[in-house]
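Residue-level structural notes
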Protein chains: 2
Amino acid sequence: MLPKKDILLLKHLLVHKKNEEIKTILAKLHPADIAEMLGEIKNVNKKIFLRLLDTEKAAEVLEELEPSERLTLIEDMTEAEIVKILENMSVDEIIDLFQEMPNRQVEKLLSRLPGSYYDELKTLLKMAEDTAGGLMTTDFVYLFSDITVSDAIDVVRQFGQDAETIYYLYVVDEAKHLMGVLSLRELISAPRHKKICDIMHKKVVSVDVGLDQEEVAKTISKYSLLAVPVVDKQNRLLGIVTVDDALDVMEAEDTEDIHKMAGISPEEDVVLTSSIWGASKKRIFWLVVCLLGDLLSGMVIDVYSGILQSVVAVAFFIPVLMATGGNVGTQSLALAVRGIATGELNTKNLTAFIKEETLAGLNVGIICGLVLAVVAFIWQKNIHLSMSVGISMGIALMFSAFIGILIPMLFNFLKIDPAVASGPFITTVVDVCTLVIYFTFSMAFLSRFSGKLGPGFGPGI
Amino acid sequence: MLPKKDILLLKHLLVHKKNEEIKTILAKLHPADIAEMLGEIKNVNKKIFLRLLDTEKAAEVLEELEPSERLTLIEDMTEAEIVKILENMSVDEIIDLFQEMPNRQVEKLLSRLPGSYYDELKTLLKMAEDTAGGLMTTDFVYLFSDITVSDAIDVVRQFGQDAETIYYLYVVDEAKHLMGVLSLRELISAPRHKKICDIMHKKVVSVDVGLDQEEVAKTISKYSLLAVPVVDKQNRLLGIVTVDDALDVMEAEDTEDIHKMAGISPEEDVVLTSSIWGASKKRIFWLVVCLLGDLLSGMVIDVYSGILQSVVAVAFFIPVLMATGGNVGTQSLALAVRGIATGELNTKNLTAFIKEETLAGLNVGIICGLVLAVVAFIWQKNIHLSMSVGISMGIALMFSAFIGILIPMLFNFLKIDPAVASGPFITTVVDVCTLVIYFTFSMAFLSRFSGKLGPGFGPGI
């Protein structure tokens, strides 16, 4: 939330090459604010600003940026300069950066980093990006269970400087098995002579190194933690994931959910990709699937084309019925997908939810059906047509609400991500059903009650 | 993540009224796990379980539940019992609970709570629920700037017990103006004789008491904070919002975003409402708006009905063109809305984004157009029809991508929440445009190249 005038001032100083003044201003700014400002200016200027920061601050600013943006900023730097910045970055952020780099460059940089880093980074690089292992940092404080509180405080003083958090202290045995946890709050208020094993919590919420990052964030949120320990199958402590990473994951997953709902395949960098084909690729799959599906709707019209030729006004209501059906289906889908994601929908209230939303579909169907029937009558002055349109709307909407819930539920039951049942997919299914309902009722009403129909009337098959 | 067998065991013990055994098991469980379990069982049993917990644990469990659920659980309790539980809850959670209760009950409970609570709770109750003020807690530790580190450590020991967090210590003057902040980490590693004002950070990230809760969560996330101080216009410290509340807000806003995108109005309790009308109300607004909009599509067909009567096959492709156009529009909308929300889209890359996505629309338009033209030719054996269908698809999709971005951008520019431009709304606009494009091309191709058209051909106006 850097004021616009500060950005203008910095730009002004940059034009006049007043580097010393820029340095003074940047030194006072929060890294997150500098990162935000870098997002608003040209790439060339970004690099100049970065060079005016001291190494520690430059590292902090890089940590605030998206991994893909970081690469552009450091591409002109020498290896020595990059290594200096890396030494000031936390381990999990270095890994994020390495994952964007070509392997050759990573190997070169690794060989120039202090020896202690090498094995640690190598191991972390092997973890899948979107799991607890890919998210965790190894900069945490651990204590052995048999030391005293007073010794533990010394450990925190000594090793706490570089740790991501010192507010949770993890207790381990010699083989690094996770034994317990203690908050700094508890440690400092405990009698100095007590043993750690006597005051620690033995029940620790931990996550497996392979757990999906969304589940890690949910665990942190559920237990209101500041960090969660990451362990392997033998319960050995490998690292920790902190709450700020959980917040970032939540934001990213939020974006992914909304994109999936709209039938966009998840991609790394969504807003601006390098090629036009990149921007199209993530859209095309569901589009073509649904295109083929929607041809079924065309075939339904083909089957009933006789009625269209007799009463062409039947065609005028195809768009409104299809669109409203699709809208109701998408609404139900959104409710179901979010209900499943947040856990608000569970086995206990499932039936109640399906019943409620289907009835809500009938309810909105009755309202929309009445509105449509009245408008149709005013427009076309044909009572049979307006009745068939209104009744079709009512039934189609109830049906759409039901389908919009049932399909994601079914996917969830079959252990398929319910968000895969995207809006476009639901709409396609709903369209076909709506048209079948509409033409069935049009046939019934217009053939029974109307004398206007010619000989071409009836299904064309 | 309580295992299923534990829940079954508890249910079994409940049936056999083994209350002592239940007590022992519950005492060992994490409040968040108990809260999760309560979500899976009947209301009557929930109340029994709650009574088997000691007051402190019961308070913690209640804090984990949704505010609306809490009411059901405590409705049979006496006022004395409720007051006991309230005394063990944190201030921000008490406020959440009070906001669900009838005013009369709140007044009664307030009068029975210890005097110190009264004014504080009264003030908090006046704040809007979805602002920093509604979210904050007043249980925080503050220090005066002129005391020494050693005195400060005593303050933390003495007042830290009930505080929501002791990891950030806020420094104030006599009138409670926010002067600085200090982390516990910095405090314990500072020389004991130093003055607080000499070691505190004078630049503090704070939020205004009236700031929207989503912005509060974003601030916490941006600066990777564990808590953010809430101040009034005079920079007086009123409370703090902690990171665990930010996580909850993010989850709730995520749900709201997805619902808005699907054209569902935001409501308090979304999954199960008390009445069917409640479930319908949140859906009906956009449905009726779009219903009326989609009648425009019908009018477009009416205008061009001459061509339908001559070549009925033109109608077969109305669904696929409308649906694919709507899908592309919704995809663009999702990209734009999320881009705006996360700040990835800004004034700098706006034009590049619009250009990229419109070109992506043309790109998918060409692919979908080719697929459709081929299928149309195989199906109808009419080269002119298949050409008009294919070309319409290409142009309509480019246009849909453009509209899907432009409208939310425009809304954002006009300071209207871009998520209000919901999927249904975009689809309606896109439908009308698509049909106009389709019929224009059908007319051009089929009248110029086809001899099959009868005298009724041409726009019906």
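Residues numbered from 1 in each chain as written. Chains lettered and ligands numbered in written order. Predicted model: local features only at pLDDT ≥ 70, side-chain atom pairs only at ≥ 80, totals over all residues. Heavy atoms only, no water.

With an unreviewed UniProt entry as reference, chain A is termed Magnesium transporter MgtE, source organism Biomaibacter acetigenes. In its Function (unreviewed entry) section, the UniProt entry covering chain A states "Acts as a magnesium transporter." A UniProt comment under Subunit (unreviewed entry) is attached to chain A, and it reads "Homodimer." (UniProt positions renumbered as here; feature names shortened; annotations may be inferred.)

1. Focus on the sheet that holds strand β3 (residues 178-183) of chain A
Residues and elements named next belong to chain A. Ordered by their spatial adjacency, three strands build an open sheet running β1-β2-β3, and the pairing between neighbours is mixed. Of all strands in the sheet, those with a lone pairing partner are β1 (140-144) and β3, marking the two edges. Here the average twist between neighbouring strands, direction ignored, is 35°. For strand β2 (residues 165-172) and β3, the ladder comprises five bridges, and the chain directions are antiparallel. Among the inter-strand pairings, Y168 is bridged to a residue of β3, identified as S183. (Pairing = 2+ DSSP bridges. Helix = DSSP H or I, 4+ residues; strand = E, 2+ residues; numbered from the N terminus. Axes fitted to C-alpha atoms, helices over the stretch in contact; angles between N-to-C directions.)

2. Quick word on the packing of helix α6 (residues 67-74) of chain B against helix α8 (residues 91-98) of chain B
All names here are of chain B. The geometry of α6 relative to α8 is characterised by a closest axis approach of 9 Å and an angle of 80° between their N-to-C directions. Relative to α8, α6 is oriented roughly perpendicular. Contacts between α6 and α8 involve P67, R70, L71 and I74 on the former and, on the latter, E93, D96 and L97. Here the residues of the contact of α6 with α8 sort into four nonpolar, no polar and three charged. (Parallel < 35°, antiparallel > 145°, perpendicular 65-115°, else oblique. Contact = heavy atoms within 4.5 Å. Nonpolar A, V, L, I, M, F, W, Y, C, P; charged D, E, K, R; others polar.)

3. Some details on the interface of chain A and chain B
Contacts between the two partners involve 122 residues from chain A and, on the opposite side, 122 residues from chain B. For the pairing of chain A and chain B, the buried interface totals around 10800 Å² over both sides, and the portion due to carbon and sulfur atoms is 65%. The interface formed by chain A and chain B contains eight salt bridges. With a closest N to O distance of 3.0 Å, B:E357 and A:R283 form a salt bridge. Counting across the chain A and chain B interface gives 26 residue pairs in polar contact (both at pLDDT 80 or more). The element that contributes the greatest number of residues to the side of chain A that touches chain B is helix α17 (residues 276-303) of chain A, accounting for 19 residues. Of the residues in the side of chain A that touches chain B, the class split is 62 nonpolar, 31 polar and 29 charged. (Buried area = accessible area lost by both parts, 1.4 Å probe. Salt bridge = Lys/Arg side-chain N within 4 Å of Asp/Glu carboxyl O. Polar contact = N/O pair within 3.5 Å; in protein donor to acceptor, adjacent residues only side chain to side chain.)

4. Quick look at the UniProt feature "domain: CBS" (unreviewed entry) in chain A
All names here are of chain A. Annotation from UniProt places "domain: CBS" (unreviewed entry) at residues 136-199 and 200-256. Span residues 136-199 is 33% helix and 30% strand, its end C-alpha atoms 26 Å apart. Split by type, residues 200-256 is 42% helix and 23% strand. Its first and last C-alpha atoms lie 39 Å apart.

5. Focus on a nonpolar patch on the surface
Residue and element names in this part refer to chain A. Where nonpolar side chains cluster on the molecular surface, the patch consists of F377, I383, M387, I391 and I395 and spans about 390 Å² of accessible area. Among the elements that line the nonpolar patch, the one with the most residues is helix α21 (residues 383-413), at four residues. In this structure, I391 sits in helix α21. A relative accessible area of 34% means that I391 is categorised as partly exposed. (Patch = residues over 30% accessible without salt bridge, like charges linked within 9 Å, V, L, I, M, F, W, Y side chains within 5 Å. Areas by Shrake-Rupley, 256 points an atom, 1.4 Å probe, with all protein chains shown as cover. Buried < 20%, exposed > 50% of the residue type's maximum accessible area, 1.4 Å probe, protein only.)

6. Some points on the nonpolar core
Counting 185 residues, the largest nonpolar core has A:L184 and B:L184 as its most contacted members. Excluding residues that lie within four positions of it along the chain, B:L184 makes contacts with A:Y167, A:L184, A:I188, B:V156, B:I166, B:Y167 and B:L169. (Core = buried A, V, L, I, M, F, W, Y, C linked by side-chain atoms within 4.5 Å.)

7. Quick look at the relation of the copies chain A and chain B
Aligned on chain B, chain A shows an RMSD of 0.0 Å; the corresponding rotation is 180° and the shift along the axis is 0.0 Å. Overall, the copies show the geometry of a two-fold rotation axis. (Least-squares fit on C-alpha atoms with pLDDT ≥ 70 in both.)

8. A short note on the side chain of B:T427
Residue and element names in this part refer to chain B. Here T427 is to be found in helix α22 (residues 423-449). For T427, a relative accessible area of 15% puts it in the buried group. Aside from chain neighbours lying at most four places away, what touches T427 is G326 and T330.

9. So, helix α20 (residues 350-380) of chain A
Its 31 residues give α20(A) an end-to-end C-alpha distance of 43 Å, which sits within 8% of 45 Å, the value for a rise of 1.5 Å per residue. Positioned one or two residues after α20(A), A:K381 has a phi angle of 55°, which is positive. (Expected span 1.5 Å × (residues − 1).)

10. Comments concerning the UniProt feature "transmembrane region" (unreviewed entry) in chain A
All names here are of chain A. UniProt records the feature "transmembrane region" (unreviewed entry) at residues 284-307, 313-337, 358-379, 391-413 and 425-446, using the numbering of this structure. End C-alpha to end C-alpha, residues 284-307 measures 35 Å, and it is 96% helix and 0% strand. Segment residues 391-413 splits into 100% helix and 0% strand. End C-alpha atoms: 33 Å apart.

11. Brief notes about unusual backbone geometry
Phi angles above zero are rare outside glycine, and B:K176 is one such case at about 65°. Residue placement: B:K176 occurs in the loop between β2 (165-172) and β3 (178-183).

12. Quick notes on the sheet that holds β2(B)
All names here are of chain B. Reading across the sheet, the three strands line up as β1-β2-β3 and stay open at both edges, with mixed pairing between neighbours. In this open sheet, the two strands that pair with only one neighbour each are β1 (140-144) and β3. Geometrically, the sheet is characterised by an average inter-axis angle of 35° between neighbouring strands, direction not taken into account.

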